[in-house]
Amino acid sequence: MTEVKDVVVVGAGFAGLAALYKMRALGLSVAGIEQAPDVGGVWYHNNYPGARCDVESVDYSYSFSDALQVEWEWTEKYAAQPEILAYLRHVAERFDLRPLIRFNTRVLSASREAEDRRWLVETDAGDVISCEYLVMASGSLSAPKDPDFAGLQDFKGEWYQTSFWPKDPVKFEGKRVGLIGTGSSGVQSGPKIAETAEHLTVFQRTPVFTIPARNGPMDQEKFTAVKARYPEYREEAKTFRIGSPLYSTGRPTTDFTPDELRQVLAARWEAGGPALSGSFTDAGRVLEANNKVVAFVHERIREIVKDPETAELLCPKDHPIGARRICIDTDYYATYNRENVTLVDVRTHPIERITAAGIKTTEKEYPLDMIVFAIGFDAVTGAMTRINITNKEGLSIADKWRDGAGTYLGLMTAGFPNLFIVTGPGSPSVLVNMVAAIEHDVHWIGDTISYLRKNHLQRIEATAEAEDEWTDHVAEIGSGLLLSKANSWYMGSNIAGKKRFLVAYPLGMPPYRQKVEEIVADGYRGFVLS
Ligand code: FAD
Ligand code: N01
């Protein structure tokens, strides 16, 4: 039997919980659908050792409830996964959101009802829900890449994926562990695995730029000061490119003598965290400027890693710093000084197959008891293209986005009325503090639905012209940035056959916010409301 709701929200991570709260507050009937058995999203699935955020906890948290932000106690500068998951569970309980969510339920499809007024959502639990508005809070990094390595089925040991980590403890003691992948997940999990494994072999294809986090207990004085004025603090945060404080020098590298430049970089390296990445106004655009920052980080790597051959392998030389996601680590490079850690270069000698006993590269076989895959995601579009979402003409999102994910502002896609996307492709999403981006989008969706209702309107849809213009605008800005020069998941190039396009609006939150506000003030320019 078909149920009727005003809104269906897909996903119960940061975005889904915020959306459920907002929709219910608007007086709408709402159903949340989550494939996992619990809330948390990323922070439920990615409970691998070492997982933590790389945006400070005071910023990587909701601002919608002042009581929540004042009462919640973060214990570390960068919260670890268990604490973030506990926070999201607390949010779900505090605001009584759990009763709205169907857990262990996957959305399989969404199609338009015959008269094209409502969405019909179908799940693997047999639910059929008719809704006026469909909110995709299905995540930007929630569709894991499959470890489709030849021979995996023959492997006699244990194997795990960071993006789908078991909920029972995994023991590394006495085991020879192989880790494939040196993105953020590999950078975080490697050092923790090495602490107890008999041996850790890291299979590296592309070396990564990573900056020490300098994590530690929360600075209580700073935290108390923020709490005393949290709403103002959040307003100030909105003025920063990433939606939370990140200070640039505001000057190009050419303004500095080599000594001054080194001093700036050394201070930022010492301070830790993401500060180093946004230091100069030209490093994201001009290769020569970028190279100065690269040279500084290479020096640090060579200083930390004792074996010169390993140090050279760890120095990224095939892409500008910042063109792939910069990682924030605890003891990553130093881990390679441990006797029980080996780095294997699978760029030169690729993995040929997985065997019963381990991993075989084109050079040799590495005997292993366990393999950990930290190989990433079909980012930003994957969660939505894995659901069969079709419009009135029968066109699916997967087909529509095959040649690049066209959206208007990242919030809607033409031809799919009343389908709202949280942190969709073409919004700042993965290039900023994602909780800030999520709250912006959820707010906009809620306000838009209120506007429709108040004005007795039934549908909103982006026009194809507005979508093309926005999508071209994002691509054009991207083409002037070093960001679009590397192969990375930012460009979709980690997925075979995925069209190469920049998945996010690269200028950050302030100009994006302003653009969205202007469009709304101009009567939702570029949308058709009817
Ligand atoms: P998610 O948390 O991914 O939630 C989406 C939910 O939708 C999931 O629970 C999923 O199971 C569910 N879902 C998807 N498809 C379906 C379906 N068909 N049916 C039912 N349910 C479905 N960002 C930062 O800004 N700072 C950080 O420090 C940071 N750290 C990160 C660390 C890790 C390990 C990862 C993987 C990402 C990190 N991110 C970080 C990015 C992260 O994606 C966002 O910060 C944020 O958690 C996203 O929340 P979300 O609710 O949009 O998506
Ligand atoms: O994934 P990735 P991730 N053979 O795609 C390698 C967020 N996040 O899960 O680049 C050999 O970055 C691949 O190599 P290459 C954050 O936004 C944040 O680590 O294809 N290697 C690469 O090294 C992040 O950017 C945190 O050459 C293979 C790695 O696997 C995003 O999530 C923590 C391979 C994948 O790196 C994704 O990060 C975790 C193969 N066949 C995640 N296939 C924080 O710190 C893939 N690789 C906050």
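Residues numbered from 1 in each chain as written. Chains lettered and ligands numbered in written order. Predicted model: local features only at pLDDT ≥ 70, side-chain atom pairs only at ≥ 80, totals over all residues. Heavy atoms only, no water.

For the rest of this paragraph, the subject is the environment of Lys292. Mapped onto the fold, Lys292 is located in helix α9 (residues 287-304). Since its relative accessible area comes to 31%, Lys292 is described here as partly exposed. Between the C-alpha atom of Lys292 and that of Pro258, which follows or precedes it by 34 residues, the distance is 9.0 Å. Residues contacting Lys292, with those up to four places away along its chain left out, are Thr253, Thr254, Leu261 and Leu265. (Helix = DSSP H or I, 4+ residues; strand = E, 2+ residues; numbered from the N terminus. Buried < 20%, exposed > 50% of the residue type's maximum accessible area, 1.4 Å probe, protein only. Contact = heavy atoms within 4.5 Å.)

Once that is clear, we can look at the side chain of Thr210. Among the structural elements, Thr210 can be located in strand β10 (residues 210-212). On the basis of relative accessibility, which here comes to 0%, the residue Thr210 falls in the buried class. One polar contact links the side chain of Thr210 to the main-chain carbonyl oxygen of Cys327, over a distance of 3.3 Å. With sequence-adjacent residues up to four places away left out, Thr210 is seen in contact with Val187, Trp269, Cys327, Ile328, Asp329, Tyr332 and Tyr333. (Polar contact = N/O pair within 3.5 Å; in protein donor to acceptor, adjacent residues only side chain to side chain.)

Inspection of the entire model under this criterion finds 35 aromatic pairs. With 6.5 Å between their ring centres and 40 degrees between their planes, Trp165 and Phe172 make a pair best called tilted. The same class applies to Trp165 as to Phe172, namely buried. When the ring centre of Trp119 is taken as reference, the NZ or CZ atom of Arg112 above it lies at 4.9 Å. (Phe/Tyr/Trp six-rings, centres within 6.5 Å; stacked < 30°, edge-to-face > 60°. Lys NZ or Arg CZ within 6 Å of the ring centre and 35° of its normal.)

So, about the domain arrangement of the chain. Parsing the chain into structural domains produces domain 1 (2-143 + 378-529) and domain 2 (144-207 + 332-376). Between the C-alpha centres of domain 1 and domain 2 the distance comes to 32 Å. Taken together, the contacts link 15 residues of domain 1 with 15 residues of domain 2. Summed over both partners, the interface of domain 1 with domain 2 buries about 1200 Å², with 50% contributed by carbon and sulfur atoms. Looking only at domain 1, the three residues that lose the most surface to domain 2 are Asn47, Tyr48 and Pro49, adding up to 44% of its buried area. There are zero salt bridges connecting domain 1 and domain 2. Remark: the boundary between domain 1 and domain 2 carries eight residue pairs in polar contact (both at pLDDT 80 or more). Along the lines of polarity and charge, the residues of the side of domain 1 that touches domain 2 split into six nonpolar, six polar and three charged. (Domains from an automatic or database assignment. Buried area = accessible area lost by both parts, 1.4 Å probe. Salt bridge = Lys/Arg side-chain N within 4 Å of Asp/Glu carboxyl O. Nonpolar A, V, L, I, M, F, W, Y, C, P; charged D, E, K, R; others polar.)

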